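The residues making up each chain are set out below.
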Amino acid sequence: MPELDVSTTVNGRPVEMRLPTRLTLADFVRDRLGLTGTKVSCGMQVCGACTVLVDGDPVSACSYLACDVDGREVLTVEGLADGGELTPVQRAFVDCSALQCGFCTPGFVMAATALLRDEPHPTEEQIAHHLDGNLCRCTGYLPIVEAVLKASRAGGIDE
Amino acid sequence: MLPPFELRRPVSLAAAVDLVATGGTPYCGGTELLAVMRLGLASPETLVDLKRVPELVGITAAHGEIRLGARVTHREAAASDAVRTHAAILAAGAGLLGNVRVRATGTLAGNVCFAEPRSDILTALLALDASVDLRSADGARSVPIEDFVEGAFTTVRADEELLEAIRVPARSGPSAYVRFAPAEHPTVTVAVVATGDGCRVVVGAVGERPELFTFPGTGDVDPTAIAERVDITEDLNGHEDYKRHLTAVFVGRALEQMGVADA
Ligand SMILES: Cc1cc2nc3c(=O)[nH]c(=O)nc-3n(C[C@H](O)[C@H](O)[C@H](O)COP(=O)(O)OP(=O)(O)OC[C@H]3O[C@@H](n4cnc5c(N)ncnc54)[C@H](O)[C@@H]3O)c2cc1C
Ligand code: FES
Ligand code: FES
C-alpha cells in the first residue's frame, strides 16, 4: 500500500506519521488521532458535517487526502475551546439552541469560524450563502444564523 | 474507501509534465477526481499533485488579458480585484458555485478539464472568449475554450497534456451572470457580455456543454428565440419544456441585470 511521511500540525500539536496515500483527512483525525468531533455523513462534499480548517480554509475532510495536510495546519472542533473555555461561536450555538441532535454542529461551528475570520460582521445574507453547503435536519437553520450573528456581535472568533 | 494509488508531488512544471507524460493523472483540489475514484469510475495508478508547482500559481493581469494559473481556486478567483474588474462574470460564477469548501479547494483548471456539463466556470469562460494553455513534454499550445470542450466530460486535452493556465481577455463593458441552482449543481446558467462589436450570450447546464449565441447588440437578444434553439439534455434536473422555459426566464433576468429595457 503506497504511503508518505506526513508532518503536520493538528490543533496546535505537531504530528509526524507515515500515512497511506488513500487515507482521507476525516479518517486520519478520527481513527489515527482519536478526534471524533469531526463527523462523516454524506461522504460526497455535500453536507458539511466533516468540515475542518486547513490553513484556515474550510475543507470537506471526507474527500480530502490526509497527505495533503503535509506542511500545513489543521484545526478541528476539538481545537477551538481553550482549556474548556468555549469560543464565542460555540457559546452562541449553545445560547441560541442552534443544535438538537448535534451531528451537524461541529461542521457548522468550523464553517462559521472560517466565515468570521474573513468577515467579522457578516450580514444575514452572507451567512446564508457561506453556510449553504452545511445541512441540518433538525433546527430549521434560523437559530444557526442567529447564533452566527450573535457570535459576530460577541467579538467573532476570539474572546 | 479510495482505491490505492501512488501520490507524486513535483515542485517544478517540468517535473510535473514528465510525470504526466509517463501516465500520471493530474490532481489538484481533488473535488472531482477523488469523488470519481471513490465511486469506482476511475482508479489511476499515480496521482500527480500540482499544488506544489510554483509555475501554476496566481492571477496576473497584463497585455489586455488576465492569466489564471492552474492552481487558482474558485475562492481566489472570486476575491481577485483583477478578475472582479475585468472579468466580473467569472468572479460571480466562481463565488456562487458549489459550496464554500468546494470553492476553497477546487480549481478553475480542474473544473475546465473535468468538463462537467453544469459548469459555471465554462459558461463564464465561453462568454468571455477565454482560452487555455496546454503543455506536454513535447511542447505547448493554446486552445479557445469554445474548441476545448467537445461534450459532456470530454475535452481535446490529450492525457499527457497539462492545463497550465486560463487566459481571459480583459473586459470592462456591461455583463451579467445569473444561475438557478435548487441543488448542488445549477439547472441553468446564463452569462451575457457586451463586447465592442456585439453581444455574447451563453446558456449552460441545460445541455451537454454551454452554448454560445451572438447578436449585433444587447438590444437584439431575444430570450424566447434562444430558448427555442438551445440544445437540451433531459435529466434529473428537468424535462425539455421546463429547461426551455427556465432558459427564457434566466436570459431575461440577465438582460434585466444589465439594464436592458423590455427584457
Ligand atoms: C458538491 C460539489 C458541488 C459542485 N458544484 C459546482 C457548481 O455549482 N458549478 C460548477 O461549475 N462546479 C461545481 N462543482 C465542481 C467544482 O468546480 C470542481 O470540482 C472543481 O473546480 C474541480 O477542480 P479540482 O482542482 O478539485 O479538480 P480535480 O478533482 O483535482 O481534477 C478534476 C479533473 O481535472 C483533471 N485536472 C485537474 N487539474 C488539471 C490540470 N491543471 N491539467 C490537466 N488536467 C487537470 C484531473 O485529472 C481530473 O480529471 C462542484 C463540485 C462538488 C464536489
Ligand atoms: S461527510 Fe463530508 S461533506 Fe458530507
Ligand atoms: S442538529 Fe441535528 S442535524 Fe443539525
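In this report, the structure presented in the accompanying data block is examined. The model shown is predicted, which means the values in this text are computed figures rather than measured ones.

Looking now at the overall build of chain A. Secondary structure summary: chain A contains 5 helices and 5 strands in total. Along chain A, helices (α) and strands (β) appear in the sequence β-β-α-β-β-β-α-α-α-α when read from the amino end. What you see for chain A is a C-alpha radius of gyration of 15 Å, in line with the 15 Å of a compact globule of 159 residues. With the principal axes as the frame, chain A shows a C-alpha extent of 45 × 30 × 25 Å. Of the roughly 7100 Å² of accessible surface on chain A, a fraction of 48% belongs to carbon and sulfur atoms. Treating the 12 positive side-chain charges of chain A as one cloud and the 22 negative ones as another, the clouds have centres 7 Å apart.

Let us look at the sheet that holds strand 2 (residues 25-27) of chain B. Residues and elements named next belong to chain B. What the 3 strands build is an open sheet, ordered 1-3-2; its pairing is parallel. Each edge of the sheet is formed by a strand with only one pairing partner; in this case those strands are strand 1 (6-8) and strand 2. Across the sheet, the mean angle from the axis of one strand to that of its neighbour is 30 degrees, orientation sign disregarded. Where strand 1 lies against strand 3 (residues 46-49), 3 bridges are found, and the strand directions are parallel. Among the inter-strand pairings, Arg8 is bridged to a residue of strand 3, identified as Val48.

Let's shift gears to the pattern of salt bridges. Residues and elements named next belong to chain A. Within the structure shown, the criterion is met by 21 salt bridges over all chains. A salt bridge links Arg18 to Asp5, with the shortest nitrogen-to-oxygen separation between them at 3.0 Å. Residue Arg18 is located in strand 2 (residues 13-20), and its partner Asp5 is located in strand 1 (residues 3-10); the two are separated by 13 residues in the primary sequence. Judged by its relative accessible area of 46%, Arg18 falls in the partly exposed class. Accessibility expressed as a relative area gives 52% for Asp5, which makes it exposed. Taken together, the shared-partner salt bridges connect Glu3, Asp5 and Arg18 into one network.

All names here are of chain B. The topology assignment puts Glu164 in strand 10 (residues 162-169). Note on Glu164: relative accessible area 13%, which makes it buried. Not counting residues up to four positions away in its chain, the partners in contact with Glu164 are Leu13, Leu56, Arg67, Leu68, Gly69, Ala70, Asp133 and Arg135.

Reading the values: rules and limits
Residues numbered from 1 in each chain as written. Chains lettered and ligands numbered in written order. Predicted model: local features only at pLDDT ≥ 70, side-chain atom pairs only at ≥ 80, totals over all residues. Heavy atoms only, no water. Helix = DSSP H or I, 4+ residues; strand = E, 2+ residues; numbered from the N terminus. Rg over C-alpha atoms; globule rule 2.2 N^0.38 Å. Areas by Shrake-Rupley, 256 points an atom, 1.4 Å probe, with all protein chains shown as cover. Lys, Arg positive; Asp, Glu negative; His and termini not counted. Charge placed at Lys NZ, Arg CZ, Asp CG, Glu CD. Pairing = 2+ DSSP bridges. Axes fitted to C-alpha atoms, helices over the stretch in contact; angles between N-to-C directions. Salt bridge = Lys/Arg side-chain N within 4 Å of Asp/Glu carboxyl O. Buried < 20%, exposed > 50% of the residue type's maximum accessible area, 1.4 Å probe, protein only. Contact = heavy atoms within 4.5 Å.

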